[in-house]
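# Inside the fold
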Amino acid sequence: MSGLVTAAAAEWSGTWVSQRLGIRLGSAAASIGPRISTDMLAADDGTGDLRALVGLALRRNPRRAHLLVSTVLGKHVPQLPHIVHDAGLALGAQVREVLGGDGVTPVVLGYAETATGLGHCVAEALPGATYLHSTRRPVEGVAPLGGFEEEHSHATSHLLLPQDRDLLSGPGPLVLVDDELSTGRTVLNTIEALHELAPRERYVIAALIDVRTPADRRTMAAFAERLGARVDVVSLATGVVDLPHDALTRGADLVAAEEAGQAGRAGQAEQTKQIGQAGEAGQEGQAANPVARETTRGSVERIALDWPEGLPDGGRHGFTADHQAALEKALPELGARLAGGLPGARRVLVLGCEELMYVPLRLARALADATAPAAGSAAPGSASSESASSGSASVGSASDSAASGSADGPAVPAGPPVPEVRYSTTTRSPVLAVDDPGYAIRTRLTFPSHDDPADGPGDRYTYNVDPGADPARRFDTIVLVVDSTADTPALHAEDGLLDVLAGVADRVALVVVPSYIPRQAADHEPGHQPSRVPGGVPGSVSSSSTGNVPDSEVAV
């Protein structure tokens, strides 16, 4: 990862929970990843490397009250896209080192929903690798190859829907990628299920952070011995989470007390009309959305990108090295088209949708690259000027701190405004929001599901998008990236996601990527002729990528 991890000026985003719940992060100084500086280890309590990568939040969950909120994953915390991408590539570099170089071609499996993008980044760093992520979205006509359960997730069932039914049966190593390795039970469940299906000699587990206890590590070692396979673990940082014995009870009490306080404050605000009308109660008893219906709302428009024909929208059904090459070739033009549709934007959030993480991430980075200033020119709103405002450590390169002039040379004339671009995604996981700099989830927006989920309709969330009490955190432009399956009337309805986002930004741009339909599903469509995707693999893309309401169209 280029550049240094530097302590942000802002308070660590785990302080609020740590002080109230008594959670402490213990860290191993030697564990920090090879391409991440150990500058953060200067923290007095020795937890610097973990603090560089996570904050803390609370949630209603009978298995675990606290949530380790990654600052480099791009799920809950809007982050500079190069930081998220480079973190995944750094993790992939560790996997490549463990596997012994480029001579071994693995299959990479990422976990839905939080690690679908991270897993794809890891696969990107492994030459020739094929990527697959688990999914909670069944696809008509595609029988699951297998499934497994997640130990402490809000939603647990995972499906495996590869187009290549032999993908997980090969002899090569299997790399399993998650954002966090807390006990290891989820990956052990996965390995056991897949090993029964097709035994192999080697597995590699990769996570941004590894906070297993010594007992958890012994359990995994005994599991590998019983299986007769080698199991390696790599991570960017290693440590432990020290919890009080009554953490679940205290966490539930904290959530209830904070919700009650917020409800009272929201009621007062509604009565006095000083900060707008409180929304209906969300799933956790917290006001759903703080934006009043009568508030001036931003515009909603559609930006049509020329998505490469037959290129999958992600790894739900498999993403090969040929697919990766096709995406890399297309990205500069896609970034330029996206930039052309956002004139005058100053602070931009590219927002992915639940499992659709990797393509929005790469579009965000391509947009940032397309709008980057020429060498030596000014970069208003650049990464360096905003790193402290994210409430976490940031990773930057020397080019991020370009200045407009110095005593050693003439000032460069100011050019067009250069937007700051950040990236995050929506989620189905409910988390308590507390608008405090020492808390990782400062605000949340709630909206109904819009992709006809198999488990029925329900609330969905996006975090830290509403600026809350800090206007400097406001995004004037939000680019929402969804696949065509999720481009439904519910997305465009009043109080739907587009409407909710328009309440906190001046402009919302919708980008729809065609949903990939595997060959076996496409064959179920009468008269359908599968196209040829890059690499010669038969497949199809959905034709339902047109809009469901007459949004303004921006064809670029």
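Cut-off values and rules
- Residues numbered from 1 in each chain as written.
- Predicted model: local features only at pLDDT ≥ 70, side-chain atom pairs only at ≥ 80, totals over all residues.
- Heavy atoms only, no water.
- Pairing = 2+ DSSP bridges.
- Helix = DSSP H or I, 4+ residues; strand = E, 2+ residues; numbered from the N terminus.
- Axes fitted to C-alpha atoms, helices over the stretch in contact; angles between N-to-C directions.
- Contact = heavy atoms within 4.5 Å.
- Buried < 20%, exposed > 50% of the residue type's maximum accessible area, 1.4 Å probe, protein only.
- Parallel < 35°, antiparallel > 145°, perpendicular 65-115°, else oblique.
- Nonpolar A, V, L, I, M, F, W, Y, C, P; charged D, E, K, R; others polar.
- Core = buried A, V, L, I, M, F, W, Y, C linked by side-chain atoms within 4.5 Å.
- Phe/Tyr/Trp six-rings, centres within 6.5 Å; stacked < 30°, edge-to-face > 60°.
- Lys NZ or Arg CZ within 6 Å of the ring centre and 35° of its normal.
- Expected span 1.5 Å × (residues − 1).
- Arc of directions from axis to C-beta.
- Polar contact = N/O pair within 3.5 Å; in protein donor to acceptor, adjacent residues only side chain to side chain.
- Left-handed = near helix turned anticlockwise from the far one by under 90°.
- Salt bridge = Lys/Arg side-chain N within 4 Å of Asp/Glu carboxyl O.

### Looking at the sheet that holds strand 5 (residues 107-110)
Taking strand neighbours across the sheet as the criterion, the six strands line up as 2-11-10-9-5-6 in an open arrangement whose pairing is mixed. One side of each edge strand has no neighbouring strand; the edge strands of this open sheet are strand 2 (24-27) and strand 6 (130-133). When strand polarity is set aside, the average angle formed by the axes of neighbouring strands in this sheet is 25 degrees. As defined by bridge partners, strand 2 adjoins strand 11 (residues 230-242) across four bridges and the pair is classed as antiparallel. Within the sheet, the bridge partner assigned to Gly26 lies in strand 11 and is Val240. Sheet contacts for helix 6 (residues 214-227): strand 10 (202-210) and strand 11; angle to strand 11, the most-contacted strand, approximately 165 degrees.

### Overview of the environment of Thr105
Relative to the elements of secondary structure, Thr105 occurs in the loop between helix 3 (81-99) and strand 5. Take Thr105: its relative accessible area is 48%, and that puts it in the partly exposed class. Considering only alpha carbons, one finds Thr105 and Gly172, 67 residues apart in sequence, at a separation of 6.7 Å.

### Things to note about the packing of helix 5 (residues 185-197) against helix 6
Closest axis-to-axis distance for the helix 5/helix 6 pair is 11 Å, and the angle between their directions is 5 degrees. Compared by their axis directions, helix 5 and helix 6 come out roughly parallel. Facing Val187, Leu188, Ile191, Glu192 and His195 of helix 5, the residues of helix 6 in contact are Thr219, Met220, Phe223, Arg226 and Leu227. In terms of residue class, the contact of helix 5 with helix 6 is made up of six nonpolar, two polar and two charged.

### Describing the nonpolar core
Counting 110 residues, the largest nonpolar core has Leu58, Val95, Val108, Val175, Leu342, Tyr439 and Val479 as the members making the most contacts within it. Once residues lying within four places of it in the same chain are set aside, the contact partners of Leu58 are Trp16, Val17, Leu21, Ala65, His66, Gly251, Leu254, Val255, Val431, Leu432 and Tyr439. Core analysis: the next-biggest nonpolar cluster, separate from the first, contains 22 residues, Leu349, Leu445, Leu501 and Leu510 among them.

### Some details on the packing of aromatic side chains
Each pair of aromatic rings is reported with the distance of its centres and the angle of its planes. In the structure shown here, the tally under the stated rule is two aromatic pairs. When the ring of Trp16 is compared with that of Tyr439, the centres are 5.2 Å apart and the planes differ by 85 degrees; the resulting orientation is edge-to-face. A residue pair is termed long-range when its members are at least 10 positions apart, and Trp16 in helix 1 (residues 15-21) and Tyr439 in the loop between strand 15 (420-425) and strand 16 (444-448) qualify at 423 residues. Classification of Trp16 as buried rests on a relative accessible area of 6%. In this structure Tyr439 comes out as buried when scored by relative accessible area, which is 1%. The lysine or arginine in question, Arg51, covers the ring of Trp12, its NZ or CZ lying 4.2 Å from the ring centre. The cationic tip of Arg347 hangs over the ring face of Phe475; the distance from NZ or CZ to the ring centre is 4.4 Å.

### Points about helix 6
In an α-helix there are 3.6 residues to a turn, and that puts residues three or four apart on one side. Compared with the 20 Å implied by 1.5 Å per residue over 14 residues, the 20 Å span of helix 6 between its first and last C-alpha is a close match. Listed as buried for helix 6 are Asp216, Met220, Phe223, Ala224 and Leu227. Angularly, the buried residues of helix 6 cover 95 degrees about the axis, an arc narrow enough to put them on a single face. Looking at helix 6, the residues exposed on the side facing more than 90 degrees away from the buried face are Pro214, Arg218, Glu225 and Arg226. Check the buried side of helix 6 and you find it contacts helix 5, strand 10 and strand 11. Two residues or fewer after helix 6 comes Gly228, characterised by a positive phi angle close to 75 degrees.

### Points about unusual backbone geometry
Omega for the peptide link from Ala112 to Glu113 comes to -5 degrees, which places this bond in the cis form. Along the polypeptide, Glu113 turns up in the loop between strand 5 and helix 4 (116-124). Look at Asp452: it is not a glycine, yet its phi comes out positive at around 50 degrees. The exposed category is assigned to Asp452, whose relative accessible area is 70%. Positioned with a positive phi, Asn464 is a non-glycine residue whose angle comes to about 60 degrees.

### Here's the deal with helix 5
Between its first and last C-alpha atoms helix 5 spans 19 Å; for 13 residues at 1.5 Å apiece the expected length is 18 Å, and the two agree. Buried within helix 5 we find Thr186, Val187, Leu188, Thr190, Ile191, Leu194 and His195.

### Concerning the environment of His133
Following the sequence through the fold, His133 ends up in strand 6. Classification of His133 as buried rests on a relative accessible area of 4%. A sequence separation of 14 residues divides His133 from Gly119, and the C-alpha atoms of the two residues are 7.5 Å apart. Filtering out sequence-adjacent residues up to four positions away, His133 remains in contact with Leu109, Gly110, Thr116, Gly315, Arg316 and Glu355. A distance of 3.2 Å separates the side chain of His133 from the backbone nitrogen of Arg316, its partner in a polar contact.

### Overview of the pairing of strand 3 (residues 54-58)
Regular strands show a simple pattern: their side chains alternate between the two faces of the sheet. For strand 3, a buried count of five out of five residues is recorded, marking the element as mostly surrounded by other parts of the structure. Residue alternation in strand 3 divides its side chains into two sets, Val54, Leu56 and Leu58 and Gly55 and Ala57, and both sets are buried. Pairing geometry for strand 3 and strand 4 (residues 66-70), over five bridges, is antiparallel. Across the sheet, residue Leu58 finds its bridge partner in strand 4, namely His66.

### Quick word on the side chain of Asp483
Assignment of secondary structure puts Asp483 in strand 18 (residues 477-483). Residue contacts for Asp483: discarding those within four places in its chain leaves Arg137, Asp313, Arg316, Leu356, Val512, Val513 and Ser515.

### Description of the packing of helix 3 against helix 4
Put simply, helix 3 and helix 4 touch, their axes get as near as 7 Å, and they point 55 degrees apart. With respect to helix 4, the axis of helix 3 lies oblique. Note that helix 3 runs across helix 4; the crossing there is right-handed. Residues His85, Gly88, Leu89, Leu91, Gly92 and Val95 of helix 3 form the contact with helix 4, whose own contacting residues are Leu118, Cys121, Val122 and Glu124.

### Re the pattern of salt bridges
Oppositely charged side chains can form a pair if their charged atoms are brought close together. All told, the structure shown has 24 salt bridges when counted by the stated rule. The salt bridge involving Asp435 is made with Arg442; its shortest N-O contact spans 3.0 Å. Residue classification places Arg442 among the buried positions, given a relative accessible area of 15%. Look at the salt bridges and you will find they share partners, linking Glu354, Arg428, Asp455 and Arg460 into a network.

Purely spatial values, then, with no claim about function.
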